[in-house]
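Chain by chain, the residues run as shown.
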Amino acid sequence: MITAERKPMEELIECLRPYNRILLVGCNECVTVCAAGGRKEVGILSSALQMAFMKEGKTLEVKEMTLERQCDPEYVEELVTHIDQAEAVMSMACGCGVQEIARRFKTKPVFPAVNTTFMGASERQGVWAERCQGCGECVLGLTGGVCPIARCSKRLLNGPCGGSTNGKCEVDPDMDCAWQLIWDRLKALGIEDRYEDNIAAKDWRTGRGGGPRKIIREDLVK
Amino acid sequence: MENFEPTIVAFCCHYCAYTAADMAGSKRLCYPPNVKIIKVPCSGKVDAIHIMKALEKGADGVYVAGCLEGDCHFKSGNIEASKRVTYIKKLLDEIGIGGERVEMILMSAGMGERFAQTAADMTEKIRKLGPNPVKFSPKADNAA
Amino acid sequence: MKTESVLEKVFASGELAVTSECGPPRGAVPEKIIEKAKMLKGYVDAVNVTDNQTAMVRMSSFAACVFIKQLGMSPILQMVTRDRNRLAMQADILGAYSHGIDNILCLSGDHPHFGDHPMAANVHDIDSVQFVQMIRDMRDKGKFQGGDDILNPPKMFIGAAANPFADPFELRVARLAKKIKAGTDFIQTQCIYNLDKFEKWMEGVRDRGLHEKVNIMAGITPMKTVGMAKYMKNRVPGMDVPDEIIKRMAGVPKEKQPEEGIKISVEAIERLKTVEGVKGFHIMAIEWEEKVPEIAEKAGLLPRPKIDL
């Protein structure tokens, strides 16, 4: 999922200061899974914002809504019935959702409530870790299912570097060395000899390097 | 503020804390009327939003009372509740309401005295902290 | 011979090669690098110039190498993949070669986390293995990494680093093999204190005949104080300092520790001379460059062969 974390309250209160009525929109997908912006979090943030305003002798009316997803225009359209009553919108979805709302409602200020962080997986309840950076040319088949681009601090394709210590990265003793993980997997699969196949320099055009990307499926386009 | 009578909401778990309250009652132990008890099947049933709403609606203090460590009827509801209370305390500090207004308290079913003492202590602590600042708002909902 | 490099000629002659290292200044003060290099002149065959070492900004290795070249010495340009993309790297290589710098050491580089700009973007457009390959193709095929022809391709003598002491140990010979496959001409190892472990690595290297495919230089760093020894043991990733070394350093009074440190280094060099496959020594006396002549002399590495530049 795409993971995110709520922004500090100070920042959120500051950007909503000029308003009295807002629409607070959550998302039922990724941010629900990582407990950052789902229905529950919308309720808690709404209460926190209202209390922060009340404390200063002001009021903030918050209309709470949680959409199925904010990255599809069909769902964002559901905000139409409530958008006029709000002076501003605060979205608890990832950056994709915030932008979809901004695109649809051009004259309504939209603010992000969370900092979108990474594409990751749940290691266990309450712990999410980065797994993918969307490089556009997946090499997981060569590296035993562990991504060196997302999980090696130096994104080495022919690692490890000389700083790998006890299976951990030199940057942080709690961070796994991706190349140790890759080596362990190659061993478990009995394909250690693949390690010496040098992986060629990456073409970053398939990644962010080529500019913002788009996928067009001709068979699905109306 | 003179003569400030705080309103405290106490979420009490059925198996321990609420039973302790009953015990206090049957032993004729006094505790302040400021404490309003809400019975829950387990302290783990108390979610962050319940605590937030209590404060939003004007409670001056909130505590969640559950079983002693290792004694939870539902295994670890009290531990989950403790973690949530810690999280909410931080959030309340961030918005300036103050995490001290919320506490997690553990007791066993037979601890009538502890129940009464906790109620008194919490009332005094909140009295010193003063009224919940949300009451400064003109539109504050002061339902106690 | 692949290049005109003095270092390549020393290896080819069969003599043990000796190199050392200079760190450029944290400011626009060329005098500092010139002063350090002058201490080494005549005692080493070539001098490494570090590239933003430990991710702290310093005068660029390229610029510092030019000053060293002007002193009539042979610089080794260290370049990390952390700070530059492949365009910048190829451009700098052309520039350096045009200034007569024909040795290069390809490294990944310490993570910015350790340095004075932890907020900087990590480039790592290519890694050190791909970097070696890129320079080899520039030299031998006369082509840029993108495929176009190069006017007067740079004939660089290509080096890389090896760390027999990093984890996982079982991979360290294979990693050397990868770098050799990519086109490495010479290797400088991380500084060696655990001689047993180094010899074990060399055994693995020899088993595969790799010692004949690349020139391996053993890294040596003299300890100045017991504090330095402990710091390197505990705080530097990929460093292996056995307890005996700490004991030896701690066993002498403070004023005698530098002398003991040099003694340990000279003993290490003497032992490493007997290890088949060791083709030279890379003496890294960090902020202690003045001791290199003494170490070279005591270890019987002088005089250096006179090779016309």
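Here the structure is a predicted model, which means the values were calculated and not measured.

Moving on, we get to the overall build of chain A. A count of helical and extended segments in chain A gives eight helices and nine strands. What you see for chain A is a C-alpha radius of gyration of 22 Å, clearly larger than the 17 Å of a compact globule of 222 residues, by over 25%. Considered along the principal axes of its C-alpha atoms, chain A spans approximately 65 × 45 × 25 Å. Looking at chain A as a whole, 45% of its 222 residues qualify as buried.

With that settled, the discussion passes to the overall build of chain C. When you go through chain C residue by residue, the secondary structure sums to eleven helices and eight strands. For 309 residues, the compact-globule estimate of 2.2 N^0.38 gives 19 Å, and chain C sits close to it at 19 Å. Based on the C-alpha atoms only, the size of chain C along its principal axes is roughly 60 × 45 × 45 Å. Looking at the 309 residues of chain C, the share that counts as buried comes to 58%. Intrachain contacts of chain C at a sequence separation of at least 6 include 79% that bridge at least 24 residues. As displayed, chain C offers around 12800 Å² of accessible surface, 52% of which is attributable to carbon and sulfur atoms.

This next bit is on the sheet that holds strand 8 (residues 278-283) of chain C. All names here are of chain C. Around the barrel, which closes on itself, the eight strands sit in the order 1-2-3-4-5-6-7-8 with parallel pairing between neighbours. For this sheet, the mean angle separating the axes of adjacent strands, direction not counted, is 30 degrees. For strand 5 (residues 157-162) and strand 6 (residues 186-191), the ladder comprises four bridges, and the chain directions are parallel. Counted as the bridge partner of A162 is T189 from strand 6. Helix 7 (residues 195-207) contacts strand 5, strand 6, strand 7 (215-220) and strand 8 of the sheet and is inclined by roughly 175 degrees relative to strand 7. Strands in contact with helix 10 (residues 257-273) are strand 7 and strand 8; relative to strand 7, the strand with the most contacts, it is inclined by about 160 degrees.

All names here are of chain A. Mapped onto the secondary structure, L186 falls in helix 8 (residues 178-189). The class for L186 is buried, based on a relative accessible area of 3%. With 93 residues separating them in the primary sequence, L186 and A93 have C-alpha atoms 38 Å apart. Those residues in contact with L186 that sit more than four places away from it in its chain are L142, T143, G144, I191, E192 and Y195.

With 22 residues of chain B at the interface, the matching set in chain A holds 18 residues. For the pairing of chain B and chain A, the buried interface totals around 1700 Å² over both sides, and the portion due to carbon and sulfur atoms is 66%. Considering only the surface of chain B that becomes buried against chain A, E56, E94 and I95 of chain B emerge as the three largest contributors, covering 31% of it. In this structure, R6 of chain A and E94 of chain B form a salt bridge, with 4.0 Å as the shortest nitrogen-oxygen distance. Taken together, chain B and chain A are joined by four residue pairs in polar contact (both at pLDDT 80 or more). For the side of chain B that touches chain A, the secondary-structure elements that each account for two or more residues are helix 2 (48-56) and helix 3 (77-94) of chain B. Residue composition of the side of chain B that touches chain A, by class: 14 nonpolar, two polar and six charged.

Each side of the interface is counted separately: chain A has 29 residues, and chain C has 32 residues. Across the interface of chain A and chain C, roughly 2600 Å² is buried in total on both sides, 47% from carbon and sulfur atoms. Area buried by chain A at its contact with chain C is led by K154, E196 and N198 of chain A, which between them contribute 23% of it. Applying the counting criterion to the chain A and chain C interface returns two salt bridges. Across the pair K187 of chain A and E170 of chain C runs a salt bridge, and its minimum N-O distance is 2.7 Å. Put simply, chain A and chain C have 25 residue pairs in polar contact (both at pLDDT 80 or more) between them. Of the residues belonging to the side of chain A that touches chain C, the class tally is eleven nonpolar, eleven polar and seven charged.

Okay, helix 5 (residues 128-140) of chain C next. All names here are of chain C. With 13 residues, helix 5 should reach 18 Å at 1.5 Å per residue; the first-to-last C-alpha distance of 18 Å fits that figure. Taken across its 13 residues, helix 5 has ten buried, putting it largely inside the fold. Of the positions making up helix 5, those classed as buried are S128, V129, Q130, F131, V132, M134, I135, D137, M138 and R139. The inward-facing, buried residues of helix 5 contact strand 3 (75-80), helix 4 (86-98), strand 4 (103-107), strand 5 and helix 6 (172-182). G142 occupies a position one or two residues after helix 5 and carries a positive phi of about 65 degrees.

Here we come to the packing of aromatic side chains. Evaluation of the coordinates by the stated rule reveals eight aromatic pairs over all chains. On the numbers, 5.1 Å between centres and 85 degrees between planes, the contact of Y31 of chain B with F115 of chain B is edge-to-face. With Y31 of chain B in the loop between helix 1 (17-26) and strand 2 (35-40) and F115 of chain B in helix 4 (residues 112-129), the pair connects residues that are 84 residues apart, well separated along the chain. Geometry around Y18 of chain B places K39 of chain B over its ring, the cationic atom sitting 5.0 Å from the centre. Across from the ring centre of Y195 of chain A, 4.7 Å away, lies the NZ or CZ of K178 of chain C, which sits over that ring.

Residue and element names in this part refer to chain C. When pLDDT is averaged along chain C, the result is 95; 99% of the residues meet or exceed 70. Across chain C, the secondary-structure element scoring lowest on mean pLDDT is helix 8 (residues 226-235), at 90, and the one scoring highest is strand 3, at 98. For this predicted complex, the interface confidence score (ipTM) comes to 0.89, while the overall pTM stands at 0.89.

Take the pattern of salt bridges next. Within this structure, the stated rule accounts for 45 salt bridges over all chains. In this structure, the salt-bridge partner of K40 of chain A is D47 of chain B, at a minimum N-O distance of 3.0 Å. A residue pair is termed interchain when its members come from two chains, as with K40 of chain A in helix 3 (residues 39-55) and D47 of chain B in the loop between strand 2 and helix 2. For K40 of chain A, a relative accessible area of 53% gives the class exposed. Judged by relative accessible area, D47 of chain B falls into the buried class, the value being 18%. Between E170 of chain A and K154 of chain A there is a salt bridge, with its nearest N and O atoms 3.1 Å apart. Taken together, the residues span a long stretch of sequence, with E170 of chain A in the loop between strand 8 (168-169) and strand 9 (172-176) and K154 of chain A in the loop between helix 7 (148-151) and strand 8 at a distance of 16 residues. You'll find E170 of chain A and K154 of chain A in the same group, each marked buried. Residues joined by salt bridges that share partners form a network here, namely K2, R139, D140 and D185 of chain C.

What counts as what
- Residues numbered from 1 in each chain as written.
- Chains lettered and ligands numbered in written order.
- Predicted model: local features only at pLDDT ≥ 70, side-chain atom pairs only at ≥ 80, totals over all residues.
- Heavy atoms only, no water.
- Helix = DSSP H or I, 4+ residues; strand = E, 2+ residues; numbered from the N terminus.
- Rg over C-alpha atoms; globule rule 2.2 N^0.38 Å.
- Buried < 20%, exposed > 50% of the residue type's maximum accessible area, 1.4 Å probe, protein only.
- Contact = heavy atoms within 4.5 Å.
- Areas by Shrake-Rupley, 256 points an atom, 1.4 Å probe, with all protein chains shown as cover.
- Pairing = 2+ DSSP bridges.
- Axes fitted to C-alpha atoms, helices over the stretch in contact; angles between N-to-C directions.
- Buried area = accessible area lost by both parts, 1.4 Å probe.
- Salt bridge = Lys/Arg side-chain N within 4 Å of Asp/Glu carboxyl O.
- Polar contact = N/O pair within 3.5 Å; in protein donor to acceptor, adjacent residues only side chain to side chain.
- Nonpolar A, V, L, I, M, F, W, Y, C, P; charged D, E, K, R; others polar.
- Expected span 1.5 Å × (residues − 1).
- Phe/Tyr/Trp six-rings, centres within 6.5 Å; stacked < 30°, edge-to-face > 60°.
- Lys NZ or Arg CZ within 6 Å of the ring centre and 35° of its normal.
- pLDDT = per-residue confidence, 0-100.

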